[in-house]
Amino acid sequence: MDRLFENDFVLLDGAMGTMLQRAGLPTGVLPELFTLEHPEILESIHCAYLDAGSNIAYTNTFSSNAHKLSGSGHTVEEVISASVSVAKRAAKGRALVALDIGPIGEMLEPSGTLGFDDAYELFRQMLVAGAKAGADLIAFETFTDLAELRIAVLAAKENTTLPVFATMSFEEGGRTFTGALAECFAETITGLGVDAIGVNCSMGPEELMPIIRRIGAVSPLPLIVKANAGLPDPRDGHYNINAAEFAEQMSECAEIGVQFIGGCCGTDPKYISELSNIMSTAKRSKRTVSAETRLCSITKLVTVDEVRIIGERINPTGKKRFQQALRENDLDYVLSQGVSQTDAGADILDVNVGVPGLDEASLMQKCVKGLQGATDMPLQIDSNDVGAIEAGLRAFCGKAIVNSVNGEEEKLEKVLPLVKKYGAAVVGLTMDERGIPETAEERFEIAKRILSACESFGIAKKDVFIDCLCLTVSASQSSALQTLKAVRMVKEKLGLHTVLGVSNISFGLPNRELINSTFLTLAMENGLDLPIINPNVVAMTDAVAAFKLLRGFDSGAQRYVDKYSGVMSTTMSPPSVSVDIFEAISKGLKAEAKALTQSLLKTKTELEIINELLIPALDLVGERYEKGEIFLPQLMRSADASCEAFEVLKTNIANSGGSTVSKGKIVIATVKGDIHDIGKNIVKTILSNYGYQMIDLGRDVSPEAVALTAKRENAALVGLSALMTTTLPAMAETVKALRSSGHKCKIMVGGAVLTAEYAKEIGADYYAKDAKQAVDIAKEVLG
Amino acid sequence: MDNYSIHVDIHEAYRYMGGFGKPDNALETELIKAAELIEKAATPRVIEIICAINKTNRLELTELGIYLEGKAIRALLHDSDSCVLFCATIGGGVEALIRKWQLKNLSFTSMLDACASSAVESLCDGVEARLTQFYSAQGLFLTDRFSPGYGDLPIEIQPALCSALDTSRKIGVSVTDSGIMIPRKSVTAVIGISKNAQKHFEIGCRDCGRINNCNFRENGVTCYGQII
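Residues numbered from 1 in each chain as written. Chains lettered and ligands numbered in written order. Predicted model: local features only at pLDDT ≥ 70, side-chain atom pairs only at ≥ 80, totals over all residues. Heavy atoms only, no water.

Visitor: What am I meant to see in the sheet that holds strand β13 (residues 379-382) of chain A here?
Guide: Two strands in a sheet stick together by hydrogen bonds in their backbones, pointing the same way (parallel) or opposite ways (antiparallel). Residues and elements named next belong to chain A. If you trace the eight strands once around the closed barrel, you get β11-β12-β13-β14-β15-β16-β17-β18, paired in parallel fashion. Looking at each pair of strands side by side, their axes are set apart by 30 degrees on average, direction ignored. Bridge analysis of strand β11 (residues 310-314) against strand β18 (residues 530-533) gives two bridges, and the strand direction is parallel. The residue bridging I310 from the neighbouring strand is I532, located in β18. Sheet strands touched by helix α16 (residues 386-395): β13 and β14 (401-406). Its angle to β13, the strand with the most contacts, is close to 160 degrees. (Pairing = 2+ DSSP bridges. Helix = DSSP H or I, 4+ residues; strand = E, 2+ residues; numbered from the N terminus. Axes fitted to C-alpha atoms, helices over the stretch in contact; angles between N-to-C directions. Contact = heavy atoms within 4.5 Å.)

Visitor: Would you take a moment to explain the nonpolar core for this structure?
Guide: In globular proteins that are soluble, nonpolar side chains generally tend to be buried together. F140, I189, I215 and V225 of chain A are the most contacted members of the largest nonpolar core, which has 172 residues in total. The biggest single contributor to this core is helix α7 (residues 146-159) of chain A, with nine residues. Residues lining this core come from more than one domain, with at least three contributed by each of domain 1 (4-279) and domain 2 (302-562) of chain A. Ignoring anything within four residues of it in the chain, the contact list for F140 of chain A reads I101, L127, L149, A152, V153, A156, V164, F165, A166 and T167 of chain A. Ranked by size, the runner-up nonpolar core spans 87 residues in total, among them I668, I777 and A778 of chain A together with I38 of chain B. (Core = buried A, V, L, I, M, F, W, Y, C linked by side-chain atoms within 4.5 Å. Buried < 20%, exposed > 50% of the residue type's maximum accessible area, 1.4 Å probe, protein only. Domains from an automatic or database assignment.)

Visitor: Looking at this structure, how should I read the interface of chain A and chain B?
Guide: Across the boundary between the two partners, chain A contributes 53 residues, which contact 52 residues of chain B. Summed over both sides, the interface of chain A with chain B buries roughly 4300 Å², with 55% coming from carbon and sulfur. Per-residue buried area on chain A facing chain B is highest for F177, R637 and I678 of chain A; these three make up 16% of the total on that side. Connecting chain A to chain B are four salt bridges. (Buried area = accessible area lost by both parts, 1.4 Å probe. Salt bridge = Lys/Arg side-chain N within 4 Å of Asp/Glu carboxyl O.)

Visitor: Would you explain the packing of aromatic side chains in this entry?
Guide: For any two aromatic rings, the description comes down to two numbers: the centre-to-centre distance and the angle of the planes. Here the structure, examined in full by the defined rule, presents 14 aromatic pairs over all chains. When the ring of F170 of chain A is compared with that of F185 of chain A, the centres are 5.8 Å apart and the planes differ by 55 degrees; the resulting orientation is tilted. Of this pair, F170 of chain A sits in the loop between β5 (164-168) and α8 (182-191) while F185 of chain A is found in helix α8, placing the two residues 15 residues apart along the sequence. Each member of the pair, F170 of chain A as well as F185 of chain A, carries the same accessibility label: buried. Look at F146 of chain B and Y150 of chain B: their rings are 5.3 Å apart centre to centre, the planes differ by 75 degrees, and that puts the pair in the edge-to-face class. For Y150 of chain B, a relative accessible area of 25% gives the class partly exposed. Over the face of the ring belonging to Y333 of chain A we find R321 of chain A, whose NZ or CZ atom lies 4.3 Å from the ring centre. The ring of W101 of chain B is capped by K104 of chain B, whose NZ or CZ atom sits 4.0 Å from the centre of that ring. (Phe/Tyr/Trp six-rings, centres within 6.5 Å; stacked < 30°, edge-to-face > 60°. Lys NZ or Arg CZ within 6 Å of the ring centre and 35° of its normal.)

Visitor: What should I look at first to understand the domain arrangement of chain A in this one?
Guide: Buried accessible area, meaning the area lost when the parts come together, often serves as the stated size of an interface. Residue and element names in this part refer to chain A. We note that the domain assignment places domain 1 (4-279), domain 2 (302-562), domain 3 (575-660) and domain 4 (662-783) within chain A. Taking only C-alpha atoms, the centre of domain 3 and the centre of domain 4 are 25 Å apart. Taken together, the contact between domain 3 and domain 4 spans 16 residues of the former and 13 residues of the latter. Together domain 3 and domain 4 conceal approximately 1300 Å² of surface at their shared face, both sides included; 65% is due to carbon and sulfur atoms. Applying the counting criterion to the domain 3 and domain 4 interface returns two salt bridges. A salt bridge links K772 to E626; the shortest N-O distance between them is 3.7 Å. Remark: the boundary between domain 3 and domain 4 carries five residue pairs in polar contact (both at pLDDT 80 or more). (Polar contact = N/O pair within 3.5 Å; in protein donor to acceptor, adjacent residues only side chain to side chain.)

Visitor: Where do I start with the sheet that holds strand β23 (residues 766-767) of chain A in this structure?
Guide: As summarised here, the arrangement of the five strands in space is β20-β19-β21-β22-β23 (chain A), forming an open sheet in which the pairing is parallel. Edge positions in the open sheet fall to β20 (693-696) and β23 of chain A, since each of these has one partner strand only.

Visitor: Even after reading the chapter, I still don't get helix α5 (residues 76-91) of chain A, so can you show me in this structure?
Guide: Because an α-helix packs 3.6 residues into every turn, residues spaced three or four apart end up facing the same way. Residue and element names in this part refer to chain A. Compared with an ideal rise of 1.5 Å per residue, which puts 16 residues at 22 Å, α5 spans 22 Å between its outermost C-alpha atoms and is within 8% of the ideal. Considering only its buried residues, α5 is in contact with α2 (31-37), α3 (39-52), α4 (66-69), β3 (96-101) and α6 (116-133). Just downstream of α5 lies K92, where phi reads positive at about 45 degrees. (Expected span 1.5 Å × (residues − 1).)

Visitor: Quick question: what am I supposed to make of the pattern of salt bridges here?
Guide: Close approach of charged atoms allows side chains of opposite charge to pair. Residue and element names in this part refer to chain A. Enumeration according to the criterion identifies 57 salt bridges over all chains in this entry. Across the salt bridge formed by R94 and D51, the nearest N and O atoms sit 2.8 Å from each other. Taken together, the residues span a long stretch of sequence, with R94 in the loop between α5 and β3 and D51 in helix α3 at a distance of 43 residues. Residue D696 is joined to K684 by a salt bridge in which the shortest nitrogen-to-oxygen separation is 3.0 Å. Taken together, the positions of D696 in strand β20 and K684 in helix α28 (residues 678-689) put the pair twelve residues apart, joining distant regions of the chain. What makes K684 buried here is its relative accessible area of 13%. Salt bridges sharing common partners tie together D305, E306, R308, K548, D554 and R559.

Structure follows, in structure tokens:
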């Protein structure tokens, strides 16, 4: 194999589906099942490609996962071992056999309902079967969801020792159907240590060339192009270029430096033979890969070629309201901190969820998953707990940063292998067992040690970031200078990117913002690339914007002008206080509701505000809704305004160490198999505005999870939502699971397709037509 | 590939949200903003095939071996020997947008959701208009379009239609075990092709399972915008 991989070009094969259709594959029949019956047809197709010059035969196993085979009467092992052995028979040692694996055919969370572990298991079965049957390598192809491909690659790396090829299908513009960006694919999958990456299917060679160039500019790995025979006619599905044109267009691969070439939909052995001819005299050009540091999510690439802001707000340290949210599993609160920082201009989000007594690894996994659904930010996994770091890295699809290691050898040895395995970047703190050294020179020495440890684990220098640590300036004024000096030394002498948590500098001083933003500017001037700051503080993002302009990173001052040109006219006017809280809520005025609640706290307790003002206001809105005077959109606006008021009260209570407002616990969920949750969230929000403590299990929730939680939390009321006729049976099962759990509670059900009769039939206690009725039911059950 | 444009009708969106009449000014302003965001986030894609219809016993899409059950679809296609089967989606970017707003503002989230529904309707209208033009040039007529879940055509048929159209590979639409299309703002539909113009046909609520329990009808409209 090694010898083959030294060739300038390695020829892959062409389309399997096209050939099988010509050989009589009926519509709607899985190709794998057809060739199980007709191995001779499969063997002749493989032989035709190998005779045409293919060096690697892709097995006919694209859809051989247990999900697609369910109900076929055949097992994954059976189908894969049969297909692999046919390919091996055809290859007769003259070519390699690649175990071909495509997407599962179900969408992963958060868009769909397929979980990480289930997807992993489906891939694992195929991979183990393929390795056992004697495949020489693994070829993942036609993926459009980067998260799914990443799980497949992890399963391959963790369960086999075979080389891995990975290709995705892109649309024009370099994004897949699910939005994955070509560069993000390259960065993420290269980081997992595969052997070659590239593109297949979707378009012809001409259209794929710009995309493979982009991938090649980011990844040093060997490249693959397996293109269609042009574009299909939308009416009859025929592809529009012939074998000679295909080969001609593919010959551009030589200049780009693509090594593995072949065909996909619409191609046949003629195409491969033409390709083989044309490439026999071609030379593969040397490629240049950009040396920039890149971080990414699935859809967003962040290049560290100028100052990039790491948002620091997802961190419970010193924030009682945040700690409370984590304790109560109120994920929405945590995620909304991510969204607001994204809107304020963060480029990367730091995620720290360490609270004593809580399972940090599980919280980290949940938050990372949630943040990926709600924002497109690359994440910085921030923890002292190795288990939490791994949980975060495993859950995150993209290239993350790990924060952090330091000069302690034990820590380096535990964390760096994880950084390498998941292809992340890493922050090294310039401290060790002895603490934080006073001088810049000593910190620089530790940075050097960290770099050499990283390199010994195979982590590229460009992915090692150093945090020179910032101490409180009020304690020792010279420390600020030492930090700045260390930043400059690391940047200039080691050539590494630098990270710095800035806000610490002003601890204990008045007017902290002034010190923070001034210090930030000084640090950036000394070489700070990745400040960890609160992007919601305007002075900080302002300092970054001004710095970028003054230091020539903002060509034509375009970004600065875009950001600030409207500032004078749109400066926030203080909310009008001519309305009272009643009116603010009934009209849905969020800013006013917030401001009024803050001032009401001077004269009333939180409970008084809730009982005497918020609830009566919401009741009035509810009545008007019931009478048909207002509709759902208006009702929801009131609920949103009331939420603002409630958040003020919750923060106030948490800060004063009081316990949560709760008129009783309600567990709420969208049932298994259903992913519609807007209706459920409306009900949740309105009930929480009435002071009920809502335990929201989300959507696609199993009956067992609902029963378990209701019992554990001793919730007297459970609300279930379903929006599809096809998911109503899951609602019935959930009611059954609750009843047989022995936990006594009332159950209310709702959702578009539900009726009062059906609610009764499945044994629910109440049918809630809308959010207003849900409130009435909660009042009846919980008071 | 044809280029499809989409357009959000904010009054239609308001109706989807359970509003009746005209939205007030504040709501209208927000709906316009929601409509803009949806139109920007959408990546419309369509895949279609033409199928022969066999009506000897049950109504069958011949080459696909798919049966279309129910009185309504039979009535619609009574004069057609073939039909266009298509799937249209406005893409997953819309869903990511909605997920993000869900954490910021609930009422605006439901406006986005409703605007997205209107957008996918407009996409289907565009497909229908193009097909009408194409077939009328050949002297042929099209029926209304009809989707699983309308009237008494069971929604359970969704996975079979998507699989016949190879939607997952061609336009990035997959179906969950419980029959939900992902991205959610996707539609499959059938349009009959016939030699004669369609006589009066009303999708109607008569055969709908929710006729006695419908929030739209309570507000005096049908889910397809007809005033009762």
